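Here is how the chains run, residue by residue.
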Amino acid sequence: MACRRLLARFSSESDCISASLSSSAQALARLRHSTSALRLPPAASRLRREEVVVGIEACEKQGRRERGSAHAQRALSRRGVSPVEGWQQQQQQDLRQVSSGGSAEAFFCSETPCARRPPPLLPLSPPFPLAQFRPLLLSAGGRLLPLGGARALWASPFASAAAATTSASFSSTTDSFASRLAAAAMPEKRPFERLPAEVRPLNYGLCLKPDLIDFTFEGKLEAAVEVKQATNQIVMNCADIDIITASYSPEGDEEIHATGFNYQNEDEKVTLSFPSTLQKGNGMLKIDFVGELNDKMKGFYRSKYTTPSGDTRFAAVTQFEATDARRAFPCWDEPAIKATFDISLVVPKDRVALSNMNVTDRRPYPDDESLVEVKFARTPVMSTYLVAFVVGEYDFVETRSSDGVLVRVYTPVGKAEQGKFALEVAAKTLPFYKDYFNVPYPLPKIDLIAIADFAAGAMENWGLVTYRETALLIDPKNSCSSSRQWVALVVGHELAHQWFGNLVTMEWWTHLWLNEGFASWIEYLCVDHCFPEYDIWTQFVSADYTRAQELDALDNSHPIEVSVGHPSEVDEIFDAISYSKGASVIRMLHDYIGDEDFRKGMHHYLTKFQHKNAATEDLWESLEQASGKPIAAVMNTWTKQMGFPLVYVEAEQHDDDKVLKLVQKKFCASGPYSGEDYPLWMIPISICTSEDPTHAKMQVLMDKQELTLILKDTKPEQWVKLNLGTVGFYRTQYSSDMLESLLPAIRDLSLPPVDRLGLQNDLFSLARAGIISTVEVLKVMEAFVNEPNYTVWSDLSCNLGILSTLLSHTDFYEEIQTFVRDIFSPIGEKLGWDPKPGEGHLDALLRGLVLGKLGKAGHKATLEEARRRFKDHVEGKHILSADLRSPVYVTVLKHGDSTTLDTMLKLHKQADMQEEKNRIERVLGAISQPELIQKVLTFALSEEVRPQDTVSVIGGVAGGSKQGRKAAWKFVKDNWEELYNRYQGGFLISRLIKLSVDGFAIDKMAAEVKAFFESHPAPSAERTIQQCCENILLNAAWLKRDAENVHQYLLQRKASPTAV
């Protein structure tokens, strides 16, 4: 799943019940309860400490839930049973059991959760006066049910004199239950347990019927299962779903109806209880259920789109990774519990229906002539999180790859042309991976589809890959170069998963990093193959490698391989460590092994574990067999411990040889490592010299704290550099004389671009950590005056941006802007505004970067030209090229007024392409006037901005100025309930928090942020909050330590006649 790009370059939500309650409803009394005492709804777990909302006013606000209840009624009616009759029949069956010797206590009062009889599934529009039934209890799908009425029905089977004792016992138990609800303390969080192994699925026969008007769906599951050990219950994952009926039919025996559904909300499980023991062997589990097409961008959800005629409609789409298949159908929702799937969808006949496999049948639906039933071929054995289905209106373009796979790209209606670039990339990528792994793509087709509302960048569902529109669609005239590159990388990432993740799947979420880290590395290999002109491996260092090091230097980082218990913990590790550090150490491993042996090892791994599950150690074993190197021993030092090393190096000349002394220590963002333990990494060290900067003169595995090496035949005047190609995942600190000898190699470009970038980034990070002076780094930055490489400039720009944000807390912010103008002016003048003959992809990227940097910094000529071009663009005289829009937009906004902002918002409204809308959204925060900043923040939560894009608008404000940062943080606090309800549990909540507070540099702000989230918990973002507080304190320390020295240097430089 390509959420790294959204997390990094730019890991659920609360149920609509809690969001829609009015203040009066929220003021009503609440009953606290324990999930072990009563059947409770999965949705209730979304409310703090599983609160049960009481009050008829709350019920009356659940119109959508009523429609879900109507679905439940219709589903029962189709079985020839009314809702009340169905419940009465079930009561009679229970009573027969009690009469034949079963105990009522076993159904209602047992301390074994799975043995309890659930309350009835009452319709919300009952055939009796609703006012008679108070208080209300939330049902499994989040509907409000009358607790008093339910109690009366529970008691009714035992109302006879013969059952008086039992009835009294039950009544007493229920009364004490109610008092426990009122008085119970918040239950402690129970240890998480994976699903029991007694029953396992072999095949899911799944039919779903989504209602795109009422936003509900009906489902029928017929799962072929194997009972591995005799049991009277089946435990499955289930969330936000109401089960209507369930039964089990052993092969050759009579159907057994489930007599209880016990929902365990915190663990998102349901226990189906049966009146007799299910014996070992195979059988068929049948479940009828209903659910909601939610608006939370997870599970089976609705996605809003606009037709070419301007109508607003909804598609039904899925996003199941990590643990949301359970929101679409009851299932064994763990990656290691694989099965095959036979999927059918009942949909409007004018809609496209897609799933993992190809369509095998499409026929009219007998109950409704406006619907069709679409059946898909059986899938291979696969994990639930990779299942997908989409229902909506789409156009497509198609081709066949050179190895015969049908490739389609689905686009919004009328935009098929925008799918052609992704189609070209996909058609090249499938054969590349087939050849690289020496394993064919195992499905007959691959669909790539653009989804309007989508939280991540993309999702690798087997055979049906879903994308944000901006990650898939390219307009030949209106898409910029960076968008084309982004689409190529994301397509490469998701298609790599078709082998590495889908064919062979991680055994548990602990090994998520291997899935995502590998795909994040090989996407670059693929793009380098398809588009060598992108110089993509240099960009990898700036985009992934250095970002991972920035995060991994924190005390609140985590190892690559994190032990995951409860699936809610998974969202915390969809971060730059799992993706970018994972990719970086695999890149280092590939370099250490060599491409030939690496490919042999990958082939062995994929063929040995195809259609199965594997752990990290399984890959190490395969690579070890192929290479004969100690892969596990080396890699465990990188994956099982947090952080990475700083290698300090100094050199002494001995005649014609150089003697190098290397020392490794843990690199810390807070300064020199001073821990009592001495973590050790096994570091592949490569060393080059000025004699041949592109080839290693020596390679060695550093497996101890200190190492002495002798470089033969290395003259005194020759420079020496460690970490050729910036491949090893470590930072290097050179002695002063070694660093001095490298600076001319930056100026004359004899040092390769990726090494120039790595050297500059290491120095900047050492300065942030207080190991060297920030002034020294600024001096080195001036050596890049002749730099031609886009990625080197991109990294310089990023680091200067960090420094500018820090110095915005001082009264000499303008001085650092002068420095930025001086550094970027020469390359800006050289590039100019318009492309020159012979220029390519990287020149376009560089021009946009440099003009944007100069414009924001207030470079007079750039500002004037940007305003002129913007005016012509708005008036239609001369439309800006796609590559110039972002730099022009940000420049005019940074130095604009209310008219500028209104014009930009008008452009946003007129834009037909999501890429253009996003481009505008990301720069709106550059506006500087306080009242306009508030206008942008209000716009962020408006209907004009898609839910997943609100975060980037708020983040743009926070990063735009000091005033914007304060305003954005206040806005997040003031609107926390709405934002948390929208993004809760997903990685976007972490992204929102990071963007909002990371730029602060005052100690008290760390305390404020910490205090706010202590009173407003965001469990899935807990680690992010800790990291943000740590970063704020680090920024404050950096400012105190270096601000005055930087100020003096900038003043001296300004006064110097040699200043540019």
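As recorded in an unreviewed UniProt entry, the chain goes by the name Puromycin-sensitive aminopeptidase, listed as coming from Salvator merianae. Taken verbatim from the UniProt record of the chain, the Subunit (unreviewed entry) comment is "Monomer." Within the UniProt record for the chain, the comment given under Sequence similarities (unreviewed entry) is "Belongs to the peptidase M1 family."

Chemist: Is there a simple way to think about the overall build of the chain in this case?
Modeler: A count of helices and strands for the chain gives 34 helices and 33 strands. For the chain, buried positions account for 63% of its 1060 residues. As displayed, the chain has an accessible area near 38,600 Å², and 51% of this comes from carbon and sulfur atoms.

Chemist: I keep staring at the UniProt feature "active site" (unreviewed entry) in the chain and nothing clicks. Help me out?
Modeler: Using the residue numbers shown here, the UniProt feature "active site" (unreviewed entry) corresponds to E494. A polar contact is formed between the side chain of E494 and the backbone nitrogen of E460, at a distance of 3.2 Å.

Chemist: Any chance you could explain the packing of aromatic side chains here in plain terms?
Modeler: Per the stated rule, a full pass over the model turns up 46 aromatic pairs. Directly above the ring of F396 sits R408, whose terminal nitrogen or CZ lies 4.1 Å from the centroid. Over the ring of Y592 we find K629; its NZ or CZ atom is 4.5 Å from the centre of that ring.

Chemist: Sorry, what's going on with unusual backbone geometry here?
Modeler: Trans is the prevailing form of peptide bonds, just as negative phi is the prevailing case for residues other than glycine. Across the junction of E321 and A322, the peptide omega takes the value 10°, indicating a cis bond. Examined against the element boundaries, A322 turns out to sit in the loop between β14 (312-319) and β15 (340-348). We note that N438 has phi near 55°; this positive angle belongs to a residue other than glycine. Checked against the element boundaries, N438 lands in the loop between α10 (420-437) and β22 (445-451). In this structure, D713 takes a positive phi of about 50° despite not being glycine. As for its placement among the helices and strands, D713 is situated in the loop between β31 (706-711) and β32 (720-722).

Chemist: What should I look at first to understand the packing of helix α14 (residues 577-593) against helix α17 (residues 631-639) in this one?
Modeler: In a packed pair of helices, the relevant descriptors are the angle between the two axes and the axis-to-axis distance. Across the interface, α14 lies against α17 with an axial gap of 11 Å and an inter-helix angle of 155°. Overall, the two elements α14 and α17 adopt an arrangement that is roughly antiparallel. Classified by chirality, the crossing of α17 by α14 is right-handed. Residues K581, V585, M588, L589, Y592 and I593 of α14 lie in contact with α17, whose contacting residues are I631, V634, M635 and W638. For the contact of α14 with α17, the per-class residue count stands at 9 nonpolar, no polar and 1 charged.

Chemist: Would you mind going over the sheet that holds β31 with me for this structure?
Modeler: The pairing of strands in a sheet happens through backbone hydrogen bonds and is either parallel or antiparallel. The mixed open sheet is built from 4 strands, whose spatial order is β31-β28-β27-β33. Looking along the sheet, the strands with just one partner apiece sit at the ends: β31 and β33 (731-734). Averaged over all pairs of adjacent strands, the angle between strand axes in this sheet comes to 25°, irrespective of strand direction. Examined bridge by bridge, strand β27 (residues 645-654) and strand β28 (residues 657-666) share 10 bridges and lie antiparallel to one another. What sits directly across from L646, in β28, is K665. In the packing of helix α19 (residues 753-768) onto the sheet, contacts are made with β27 and β33, and the angle to β33 comes to roughly 80°.

Chemist: Looking at this model, I keep getting lost on the pattern of salt bridges. Mind explaining?
Modeler: In this structure the tally under the stated criterion is 58 salt bridges. For the salt bridge of R313 with E393, the shortest nitrogen-to-oxygen distance reads 2.7 Å. Residue R313 is found in strand β14, and its partner E393 is found in the loop between β19 (389-392) and β20 (395-400); the two are separated by 80 residues along the sequence. When its relative accessible area of 29% is taken as the criterion, R313 is described as partly exposed. For E393, a relative accessible area of 17% corresponds to the buried category. Between E865 and R868 there is a salt bridge whose closest N-O contact spans 2.5 Å. Note that E865 and R868 are positioned in helix α24 (residues 860-875) at a spacing of 3 residues, about one turn of the helix.

Criteria and thresholds
Residues numbered from 1 in each chain as written. Predicted model: local features only at pLDDT ≥ 70, side-chain atom pairs only at ≥ 80, totals over all residues. Heavy atoms only, no water. UniProt positions renumbered as here; feature names shortened; annotations may be inferred. Helix = DSSP H or I, 4+ residues; strand = E, 2+ residues; numbered from the N terminus. Buried < 20%, exposed > 50% of the residue type's maximum accessible area, 1.4 Å probe, protein only. Areas by Shrake-Rupley, 256 points an atom, 1.4 Å probe, with all protein chains shown as cover. Polar contact = N/O pair within 3.5 Å; in protein donor to acceptor, adjacent residues only side chain to side chain. Phe/Tyr/Trp six-rings, centres within 6.5 Å; stacked < 30°, edge-to-face > 60°. Lys NZ or Arg CZ within 6 Å of the ring centre and 35° of its normal. Axes fitted to C-alpha atoms, helices over the stretch in contact; angles between N-to-C directions. Parallel < 35°, antiparallel > 145°, perpendicular 65-115°, else oblique. Left-handed = near helix turned anticlockwise from the far one by under 90°. Contact = heavy atoms within 4.5 Å. Nonpolar A, V, L, I, M, F, W, Y, C, P; charged D, E, K, R; others polar. Pairing = 2+ DSSP bridges. Salt bridge = Lys/Arg side-chain N within 4 Å of Asp/Glu carboxyl O.

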